[in-house]
There are 2 protein chains.
Amino acid sequence: MTDSHCFDTSRLDALFAPRSIAVVGASDQASKIGGIPLDYLLRFGYGGALYAVNPRASRVQGLPAHERLAAIGAPVDLAIVAVPQSQVAGVLEDAAAARVQSMVLFSSGYAETGSDGTAAQQALARRAQEAGIRLIGPNCLGFMRPGHQVYATFSPAPGGGLVRPGRIGMVSQSGAFGAYAYSLARERGLGLSLWATTGNEADVQLADGLAWLAQDPETDVIMAYMEGCRDGPRLRAALALAQERGKPVVMCKVGTSALGAAAAASHTASLAGNDAVYDAVFRRYGVLRAHSITDFFALAASASIARAPKGRSIGLFTVSGGVGAMMADDASAAGLDVAPLSDAAQRQLREWVPFAAPRNPVDITGQVTNDMTLLERSARLMLADRQFDSWLGFFAAGGLSDAFWPVLQSLVQTLRTHHPDTLLAVSTLCPPERRDALEALGCLVFADPGAAIRCIGALARLHETPQALPAMADAGSALHLPAGTLSEQRSMALLAEAGVPVVPHRLVRTAAEAAQAAQEMGGRMALKVCSDAIAHKSDVGGVALNLADAAGAQAAFDRILANARQARPDAHIDGALAAPMVQGGVECIAGVHRDPVFGPVLMFGLGGIHAEILRDVSLRLLPITRDDALAMVRELRAFAVLDGARGRPRVDLDSIADTLCALAGFAQRAGATLESAEINPLIARPREDGGCVAVDALVIGREAA
Amino acid sequence: MTDSHCFDTSRLDALFAPRSIAVVGASDQASKIGGIPLDYLLRFGYGGALYAVNPRASRVQGLPAHERLAAIGAPVDLAIVAVPQSQVAGVLEDAAAARVQSMVLFSSGYAETGSDGTAAQQALARRAQEAGIRLIGPNCLGFMRPGHQVYATFSPAPGGGLVRPGRIGMVSQSGAFGAYAYSLARERGLGLSLWATTGNEADVQLADGLAWLAQDPETDVIMAYMEGCRDGPRLRAALALAQERGKPVVMCKVGTSALGAAAAASHTASLAGNDAVYDAVFRRYGVLRAHSITDFFALAASASIARAPKGRSIGLFTVSGGVGAMMADDASAAGLDVAPLSDAAQRQLREWVPFAAPRNPVDITGQVTNDMTLLERSARLMLADRQFDSWLGFFAAGGLSDAFWPVLQSLVQTLRTHHPDTLLAVSTLCPPERRDALEALGCLVFADPGAAIRCIGALARLHETPQALPAMADAGSALHLPAGTLSEQRSMALLAEAGVPVVPHRLVRTAAEAAQAAQEMGGRMALKVCSDAIAHKSDVGGVALNLADAAGAQAAFDRILANARQARPDAHIDGALAAPMVQGGVECIAGVHRDPVFGPVLMFGLGGIHAEILRDVSLRLLPITRDDALAMVRELRAFAVLDGARGRPRVDLDSIADTLCALAGFAQRAGATLESAEINPLIARPREDGGCVAVDALVIGREAA
């Protein structure tokens, strides 16, 4: 639940920053799995001590061959192990004897092959831990550190050309994806500090790589490719660390669809999990989620070129009215605020260019080709008039023109100098060296203005996520829930005590008590069978609604208890819960459910088909702030229903937020003893009608480990 | 409503295929608006007769200068007019005298400047029509035909390098967007047959360009950029023509957002209109709508390289399990069917590669690097096992490898030969000349597999749109509706006669009649004030629901009539409509509304918040087929609600489709006298409960022109 999980990332330095490397299974043939890393290390000039281990050779690729690790007689930080699966256990013993610090294990034949392989992998992990060896793999492509000539990989990708050393760290669970991403980074001109693949993750997980990068002084931006996570707290801690250090994490996680999740699970034997919960995790830590390989690279490159915008206002500048309209469409879709210029600024622009569109988008028209000074004048006017968080200029193919290029370069330089807090972006066609020149000024460059806008919209998220853990109002003392379902009465009592507004209700044990309750209550009444053993009361015919009078209540009591007894003869039944019918309002649903990987997740949505069928729900990890709670309500697609659309009454959003906070506090107090708590329905009403109220609830406890 | 609009596209040949060209306002300076087209025509080798018109020069760019058009003394197919607005009327008279066939008018200062300009433009259009001159512009960048060296433009874009002649025709309402698209086409290597911008569209509209391209034997694929359309029937006819000729139209239309629509409207003074109606238009004619510049080019390039897939099944092939999972996610999002291979084929793949994922996506793993023959064997096995409509292979950076390239090329060749009906695509990094080589084989090539899948999903639409006009069951004789709103009784009667199932109802004129109706009906009853003058009965307190007995009905009658009389003292009131309350079912809404540009549009959605607030409605142009009607129901985001999700009863979809067809038939019969007809609610129920039934309806007639 909290992010106090402590990483021992210092021990990863032996792995990722080795002063000495031994290649076990070293081959003389540079194309073999045991030859490739040695070839790279020699060819690209690794500066530390380098040893070859091969019991059947005297020299390998010019190096003396050692019979085994323990025979080297000098410290080995990293052993690169390229031997068949059957020999791995022996190598591990040898490494333990030689006090090797860390190991990259390429060999396959472990968890990816079934249960025998899983057992072998677990034994391997245990032995490595005993011996104090950090292990990356098995079944992985290894890693590289381009700035340090460390090539602990047999990927052919570096053979096709080296990636530039740089300040982006990249970790991938998939080797093949990682190799592709290496090539894409090279083609795109991105510079990498680390490239690592984690394979079966017997020891080092994606999260460990993230945490190490979060602390690496040579890394500014982190790219991660993930198929699934088995250790939620460790991933959360790593993401928290990156956030704390102000390093944007760009995440490509597969499995948004059922088929994709199944494909990912069959690929890695990892738990694909509920993709919507991953979204909640990413949101919590300000992770930028990429939904395509193109976006993965665009977001990472952008985050490494410029600082994220401080807010969502954007100035759009164009030499084409049509593209201006497209940009306005794209900005709307990206949730950016295309705030209009002041009247004075608009008048000034119209004075300069009579047929300009001066509002925002600002279209200075083809007129700019007659007077190049217009560009800088009008762009500076825009930024002086409104301190836009971002500014995007569309210049068509201008970047290809030798006449226009100096004007564009000078414009970007001037804007950068005078408006250092605004994220600058231009959309133009231009050759790579001109793109590099503008990017060196901290300006994003895109051919497609829509891609620029999607990227800016995503980057804006970084400043919207609180850096510190949200402070939770003291939730109160710990609660120990009994395992299993609790009756509606007990569930409502627990939630009411936690601060959830609940409908007045009372337990009636006989038909006469039910009749009396109806009389005392006045108005229409609901009766629901009450039993710890009956979670789904409607399913057993245990609910009667809209009871108008005592006679109706009396008959209903007998009927629903008879129904329940017939359906569940063994159940202990407390009686029935009597409550007034709540009139009007909007049916909502609120709950906390334990995710097997990430723990308790808070959920809110509209009731009925909205949550169940349309999946229009918002999720958050705990703890939450009150702002989070309000954001959960506002981000529903159907929010307008609560917000008074089309003459409907606006419901009391504050009372919903308070209820969500109360539910979150209850979950915190119950800790590991809570399986789930669900309020369904939570009726949302206008403030003058009393705000929201829980009409039914079900709490399920669990055996804490 | 029908697509019988007849184009006189033959007269456009003088414009787009001129045998002789005169440049009016020709300048000796090749950088001036009157110098650029002449420079291009001379430099790039226009083969027809070429004349310069300039009363103040004797020679221009080496050509003799004529004082005016009429002084040329030879036929002029096309006059390129580059003079200030004040001289245009004179040039037009001159052109009429010289029997010029067509004209490109660059000059600005017309409708884009306000009402005076609009009047001038209308006068211009009238005079051109009288004189039999086809006119493109004013305020446009003109056009080019790369394969014929016709350069009737002052865009600087060709100066930066010429686009390849080819088989894609491109028409844009915006000059600046068009110029950018020209440069993008050049950089992307696309070949163009025509590039045209239509500017203010005094005469030639985007639709005329589309229609000309639809009939142009040198064009296979059409790209169009649109900001708005003033003549719906003309656009429909042009799109129908392109569809009939089997030429894919890729459309980039701005104005999906309110801000974008406002920006587009201010830019062109054209009617932005309801973007959802444009979507219905595009769907009707199988137009591929692009939502970004990137997609605009990807779709057009793809449509020109390969034929559209015949259906939605796709075989996914990968050398990376992770990317396989991403592709599965993307295919789900694109509505493609990743059908599994047969058990036998899966067994065969597992025999070849024990750890392959054999289902689909097929992941043959890195094993392929050890045995290159695996590639062809397994790909052919996939396609032999299932006749996939599309097949996409992911080969990472393989296209960069000199060793892998021949294998990849041979694979594509083999698959192309043996499976000519399957759309082939590969995702790999490769240099442009290798991409060209694969594209020449009819294989799509993308770096990002997700982009390939989105494109394939869009192309699949082409075969899903019926080519012929849907045959409408004979709708019956014409109906002439009176102008204005009709009472519920008259509305329901008209719709019932058209075949819409309506709830039994009767008009009661007195409280006693209301009481009697309640008695005879049994069950609960609704009473609604009935008047042609009162369209919104609830707003005047004219509705009483759930009336249980005669006494209640009697009182309610008096109350709602008093309410209505008080609210609308002048209204003639017929009485009240009595009808039984319909229990259960799902509230839907169905209607026909006249769009000012495109005419009647059929609408269907769920009632309440779904249609009004969430905008979850489907739209179709008329006429429709029964399949269209069913598709309208199925494409709702909330379709699962009707389809029996989560244990709900499944409603009778056939009766909804029949009702939509009946409504469409009614609209056809009423023709231009129908403003709108709306059924709200249409209660959808299971077949055994009687299917759907209209509970309230409002028909509004209009003065037909």
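Residues numbered from 1 in each chain as written. Chains lettered and ligands numbered in written order. Predicted model: local features only at pLDDT ≥ 70, side-chain atom pairs only at ≥ 80, totals over all residues. Heavy atoms only, no water.

Looking at an unreviewed UniProt entry, chain A carries the name 6-carboxyhexanoate--CoA ligase, with the source organism given as Delftia tsuruhatensis.

Caption draft 1: Fine view of helix α16 (residues 449–459) of chain B. All names here are of chain B. Summarising burial for α16: 9 of the 11 residues are buried, a large majority. Within the sequence span of α16, burial applies to P449, G450, A451, A452, I453, C455, I456, G457 and L459. Here α16 starts with a cap whose side-chain oxygen sits 2.8 Å from the backbone nitrogen of G450, and that cap is D448. (Buried < 20%, exposed > 50% of the residue type's maximum accessible area, 1.4 Å probe, protein only. Helix = DSSP H or I, 4+ residues; strand = E, 2+ residues; numbered from the N terminus. Polar contact = N/O pair within 3.5 Å; in protein donor to acceptor, adjacent residues only side chain to side chain.)

Caption draft 2: Layout of the environment of S676(A). All names here are of chain A. Mapped onto the elements of the fold, S676 is located in strand β28 (residues 674–684). When the C-alpha atoms of S676 and Y110 are compared, they prove to be 36 Å apart, with 566 residues separating the residues in sequence. Setting aside anything within four residues of it in sequence, one finds S676 in contact with V592, H593, L698, V699 and I700. (Contact = heavy atoms within 4.5 Å.)

Caption draft 3: Focus on the interface of chain A and chain B. Taken together, the contact pairs 65 residues of chain A with 64 residues of chain B. Both faces combined, the contact of chain A with chain B buries some 4,700 Å², and carbon together with sulfur accounts for 69% of it. Inspection of the chain A/chain B interface yields 0 salt bridges. There are 16 residue pairs in polar contact (both at pLDDT 80 or more) connecting chain A and chain B. Those elements that provide at least two residues to the side of chain A that touches chain B are α5 (175–188), α8 (258–268), α10 (293–305), α11 (321–333), α20 (609–612) and α22 (639–642) of chain A. No other element matches the 9 residues that α11(A) contributes to the side of chain A that touches chain B. The residue makeup of the side of chain A that touches chain B, split by class, is 33 nonpolar, 19 polar and 13 charged. (Buried area = accessible area lost by both parts, 1.4 Å probe. Salt bridge = Lys/Arg side-chain N within 4 Å of Asp/Glu carboxyl O. Nonpolar A, V, L, I, M, F, W, Y, C, P; charged D, E, K, R; others polar.)

Caption draft 4: Seen up close, the relation of the copies chain A and chain B. Note on the identical chains: chain A maps onto chain B by a rotation of 180° and an axial translation of 0.0 Å, with an RMSD of 0.1 Å. In short, the pair behaves as if placed about a two-fold rotation axis. In terms of C-alpha distance to the rotation axis, chain A has H610(A) as its closest residue, with the C-alpha 5.1 Å off the axis. In this assembly the copies share their binding face: 98% of the residues contributing to the interface of chain A also contribute to that of chain B. (Least-squares fit on C-alpha atoms with pLDDT ≥ 70 in both.)

Caption draft 5: How the structure looks around the UniProt feature "domain: CoA-binding" (unreviewed entry) in chain A. Those places that UniProt annotates as "domain: CoA-binding" (unreviewed entry) correspond, in this numbering, to residues 15–110 of chain A. Annotated as residues 15–110 of chain A, this span is 25% helix and 25% strand, and its ends, taken at the C-alpha atoms, are 21 Å apart. (UniProt positions renumbered as here; feature names shortened; annotations may be inferred.)

Caption draft 6: How the structure looks around the environment of L682(B). All names here are of chain B. Among the structural elements, L682 can be located in strand β28 (residues 674–684). Once the C-alpha coordinates of L682 and V586 are considered, the two residues, 96 residues apart in sequence, prove to be 8.2 Å apart. With sequence-adjacent residues up to four places away left out, L682 is seen in contact with V586, E587, C588, A590, F604, T659, C692, V693 and A694.

Caption draft 7: Local environment of the side chain of D77(A). All names here are of chain A. Residue placement: D77 occurs in the loop between β4 (63–66) and β5 (78–81). One polar contact links the side chain of D77 to the main-chain amide nitrogen of R19, over a distance of 2.8 Å. For D77, the residues in contact, after removing those within four places along its chain, are A14, A17, P18, R19, S20, V100, Q101 and S102.

Caption draft 8: Quick look at the packing of aromatic side chains. All names here are of chain A. What the rule picks out here adds up to 32 aromatic pairs over all chains. With a centroid separation of 5.0 Å and an interplanar angle of 55°, the aromatic rings of F16 and W212 are classed as tilted. Of this pair, F16 sits in helix α1 (residues 13–16) while W212 sits in helix α6 (residues 206–215), placing them 196 residues apart in sequence. For the pair shown, F16 and W212 are each scored as buried. (Phe/Tyr/Trp six-rings, centres within 6.5 Å; stacked < 30°, edge-to-face > 60°.)

Caption draft 9: Seen up close, the sheet that holds strand β7 (residues 134–136) of chain A. All names here are of chain A. Strand order in the open sheet made by the 7 strands is β3-β4-β2-β1-β5-β6-β7, with mixed pairing throughout. Two strands bound the open sheet, and with one partner strand each, they are β3 (59–60) and β7. Here 4 bridges tie strand β1 (residues 20–24) to β5, and the two strands are oriented parallel to one another. Across the sheet, the residue bridging to I21 is L78, located in β5. (Pairing = 2+ DSSP bridges.)

Caption draft 10: Examining the pairing of strand β22 (residues 525–530) of chain B more closely. All names here are of chain B. Burial of β22 is extensive: 6 of the 6 residues sit out of reach of the surface. Examined bridge by bridge, β22 and strand β23 (residues 543–547) share 3 bridges and lie antiparallel to one another. Residue pairing in the sheet places M525 in a bridge with L547 of β23. In the sheet, β22 pairs with strand β24 (residues 575–580) via 6 bridges, with the strands oriented antiparallel. When the bridges of β24 are listed, A526 appears paired with A579.

Caption draft 11: Structural context of unusual backbone geometry. The residue after G137(A), namely P138(A), is reached through a cis peptide bond having omega 0°. Note that P138(A) resides in the loop between β7 and β8 (142–145). In this structure, P361(A) follows N360(A) across a cis peptide bond, with omega equal to 5°. Note on placement: P361(A) falls in the loop between α12 (343–352) and β16 (362–363). Not every positive phi belongs to a glycine, and N546(A) is a case in point at roughly 60°. Phi is positive for Q61(B), which is not a glycine, with a value near 45°.

Caption draft 12: Structural detail: helix α4 (residues 115–130) of chain B. All names here are of chain B. Between the first and last C-alpha of α4 there are 23 Å, a value that for 16 residues agrees with the 22 Å anticipated at 1.5 Å per step. Residues of α4 that are buried: G117, Q121, L124, A125 and A128. Buried residues of α4, seen end-on, are gathered within an arc of 100° and therefore sit on one face of the element. Exposed side chains of α4 directed beyond 90 degrees from the buried face belong to S115, D116, R126 and E130. The secondary structure elements touched by the buried residues of α4 are α3 (85–97), β6 (102–105) and β7 (134–136). (Expected span 1.5 Å × (residues − 1). Arc of directions from axis to C-beta.)

Caption draft 13: Representation of the pattern of salt bridges. Under the definition given, this model contains 74 salt bridges over all chains. Of the charged contacts in the structure, one is a salt bridge between E93(B) and R127(B), with a shortest N-O distance of 2.6 Å. Of the two residues, E93(B) is situated in helix α3 and R127(B) in helix α4; the sequence distance between them amounts to 34 residues. Put simply, R134(A), D203(A), D208(A), D231(A) and R234(A) are held in one network by salt bridges that share partners.

Caption draft 14: The environment of R702(B), seen in detail. Residues and elements named next belong to chain B. Mapped onto the elements of the fold, R702 is located in the segment after β30 (697–701). On the accessibility criterion, R702 (25% relative accessible area) is partly exposed. For R702 and P354, which are 348 residues apart along the polypeptide, the C-alpha to C-alpha distance reads 71 Å. From its side chain, R702 meets the backbone oxygen of A672 in a polar contact 2.7 Å long.

Caption draft 15: How the structure looks around the confidence of the model for chain A. Residues and elements named next belong to chain A. For chain A, mean pLDDT is 92; residues scoring 70 or higher make up 96% of the total. Here residues 268–272 is modelled with pLDDT under 50, and outside its nearest four sequence neighbours on either side it reaches 14 contacts, counting other chains as well. The ipTM value of the predicted complex is 0.89, and its pTM value is 0.91. (pLDDT = per-residue confidence, 0-100.)

Caption draft 16: Structural view of the sheet that holds strand β21 (residues 506–508) of chain B. Residue and element names in this part refer to chain B. The strand order across the open sheet built from 4 strands is β21-β24-β22-β23, with neighbouring strands paired in antiparallel fashion. Of all the strands in the sheet, just β21 and β23 have a single pairing partner and so form its edges. In this sheet, neighbouring strand axes are inclined to one another by 25° on average, regardless of whether the strands run parallel or antiparallel. On the sheet, helix α18 (residues 511–521) packs against β21, β22 and β24 and is oriented at approximately 145° with respect to β21. Contacts from helix α19 (residues 550–567) reach β21, β22, β23 and β24, with the element oriented near 25° to β22. (Axes fitted to C-alpha atoms, helices over the stretch in contact; angles between N-to-C directions.)

Caption draft 17: Expanded view of the packing of helix α21 (residues 626–634) of chain B against helix α23 (residues 653–670) of chain B. Residue and element names in this part refer to chain B. One way to put it is that α21 packs onto α23 with a least axis distance of 9 Å and a crossing angle of 120°. Considering their axes alone, α21 and α23 lie oblique with respect to each other. By crossing handedness, the relation of α21 to α23 is classed as right-handed. Along its contact with α21, which presents R626, A629, L630, M632, V633 and R634, the element α23 presents L653, D654, I656, A657, D658, L660 and C661. The residue makeup of the contact of α21 with α23, split by class, is 9 nonpolar, no polar and 4 charged. (Parallel < 35°, antiparallel > 145°, perpendicular 65-115°, else oblique. Left-handed = near helix turned anticlockwise from the far one by under 90°.)

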